Amino acid sequence: DGGITQSPKYLFRKEGQNVTLSCEQNLNHDAMYWYRQDPGQGLRLIYYSQIVNDFQKGDIAEGYSVSREKKESFPLTVTSAQKNPTAFYLCASALAGGGEQFFGPGTRLTVL
Amino acid sequence: QKEVEQNSGPLSVPEGAIASLNCTYSDRVSQSFFWYRQYSGKSPELIMSIYSNGDKEDGRFTAQLNKASQYVSLLIRDSQPSDSATYLCAVTIMNRDDKIIFGKGTRLHILP
């Protein structure tokens, strides 16, 4: 089955910890994206990558980091510098930048 | 002016009626337009894409695009309770590195 997977589904973090959210796709898409969604709010772009070994900051990149070493994978690290990380994190991919984006099931991160 | 605007709702529509969801955008050179459905606690699901002026129909869904008025809409015919969700409008902003900008969504409630 082709698709996008995210893990874990739920994640709990203590203050001061870094955590990494996984995103994998087997759709052979070049572009991948990370969004954050807060209750009652729209999607805010954190980072995106249009090709392997290259990525760009989105609108709210502070406190986050990413890597794109493989076409299939685009992990997001939420660092301790992110002061309010509790949110629903969504990974998406597209055949190319600007095209239809398809979303993974999301990871819900809670800071304890 | 916000780049993509939607009425947050909730929009309440009787079962069997037509639900009409509207979206306006600010970038005159935008070329790609998308509608996503998001159920509570779930990730967005792409339901329609439209690229040229006019109507595009897919089952009970019709997307309408008017580039001159910078307006895109989604009509849902024969509304069902399962259509109750938040509908996100998304637009590709051509001068923003082909990123997709999402509206905050309209909550739709189908009354049984």
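By convention here, each chain's residues receive numbers from 1 onward along its written sequence. Here the convention is simple: chains get letters from A, ligands get numbers from 1, in the order in which they are written. Where totals are concerned, whole chains, interfaces and linings use all residues; where local detail is concerned, this predicted model gives features only for residues with pLDDT of at least 70, and gives and counts side-chain atom pairs only at 80 or more. Water and hydrogen atoms play no part in the side-chain values, which are based on all heavy atoms of the structure.

Caption draft 1: Expanded view of the nonpolar core. By convention a nonpolar core is built from buried Ala, Val, Leu, Ile, Met, Phe, Trp, Tyr and Cys residues, the set being connected through side-chain atoms within 4.5 Å. Burial status follows relative accessibility: with a 1.4 Å probe on protein chains alone, a residue under 20% of its type maximum counts as buried, one over 50% as exposed, and anything between as partly exposed. Ranked by internal contacts, the top residues of the largest apolar core, which has 25 residues, are B:Trp35, B:Val72, B:Leu74, B:Ile76 and B:Tyr87. Residue assignment for this core shows that the elements contributing at least two residues are strand 3 (19-25), strand 4 (33-38), strand 5 (45-50), strand 7 (61-66), strand 8 (71-76), strand 9 (85-92) and strand 11 (106-111) of chain B. Counting residues in hydrophobic clusters, the runner-up holds 19 residues, among them A:Val19, A:Leu21, A:Cys23 and A:Trp34. Only DSSP runs of H or I covering at least 4 residues are called helices, and only runs of E covering at least 2 are called strands; the numbering of each starts at the N terminus.

Caption draft 2: Structural view of the sheet that holds strand 1 (residues 4-5) of chain B. All names here are of chain B. One bridge is not enough; two strands pair if DSSP finds at least two bridges between them. Taken together, the five strands give an open sheet; going across it, the order is 1-3-8-7-6, and neighbouring strands pair in antiparallel fashion. Across the chains shown, the open sheet's two edge strands, defined by having one partner strand only, are strand 1 and strand 6 (54-58). Looking at chain direction, strand 6 and strand 7 are connected through five bridges and run antiparallel. Counted as the bridge partner of Lys56 is Ala63 from strand 7.

Caption draft 3: Seen up close, the packing of aromatic side chains. A pair of Phe, Tyr and Trp rings is counted when the ring centres sit within 6.5 Å of each other, with Trp represented by its six-membered ring. The angle between the planes then sorts it: under 30 degrees is stacked, over 60 is edge-to-face, the rest tilted. What the rule picks out here adds up to 11 aromatic pairs over all chains. Pairing A:Phe103 with B:Phe102 gives two aromatic rings, centres 5.9 Å apart and planes at 70°, and the pair type is edge-to-face. Residue A:Phe103 is located in strand 10 (residues 102-103), and its partner B:Phe102 is located in strand 10 (residues 100-102); the two belong to separate chains. Every member of this aromatic cluster is reached through a ring pair, and the members are A:Tyr33, A:Tyr35, A:Tyr48, A:Phe103, B:Tyr36 and B:Phe102. The cationic tip of B:Arg60 hangs over the ring face of B:Phe61; the distance from NZ or CZ to the ring centre is 5.7 Å. Each ring is checked for a lysine NZ or an arginine CZ that lies within 6 Å of its centre and within 35 degrees of its normal; such an atom marks a charge sitting over the ring.

Caption draft 4: Spotlight on the side chain of B:Gln70. Residue and element names in this part refer to chain B. Mapped onto the elements of the fold, Gln70 is located in the loop between strand 7 and strand 8. Any pair of N or O atoms that falls within 3.5 Å is considered a polar contact. Within protein, one atom must be able to donate a hydrogen and the other to accept it, and sequence-neighbouring residues count only if both atoms are side-chain atoms. Here Tyr25 takes part through its backbone oxygen, which lies 2.9 Å from a polar atom of the side chain of Gln70. When residues no more than four places from it in sequence are discounted, the contact partners of Gln70 are Cys23, Thr24, Tyr25, Ser26, Asp27 and Arg28. It only takes one pair of heavy atoms within 4.5 Å for two residues to be counted as in contact.

Caption draft 5: The arrangement of the environment of A:Tyr35 in detail. Among the secondary structure elements, A:Tyr35 is positioned in strand 4 (residues 31-37). A:Tyr35 gets classed as buried once you look at its relative accessible area, which sits at 1%. When the C-alpha positions of A:Tyr35 and A:Leu109 are compared, they lie 13 Å apart, and in sequence the two are 74 residues distant. Residue contacts for A:Tyr35: discarding those within four places in its chain leaves A:Leu43, A:Arg44, A:Leu45, A:Ile46, A:Phe88, A:Tyr89, A:Leu90, A:Ala92, A:Gln101, A:Phe103, B:Ile100 and B:Phe102. Of note is the side chain of A:Tyr35, whose polar atom sits 2.8 Å from the side chain of A:Gln101.

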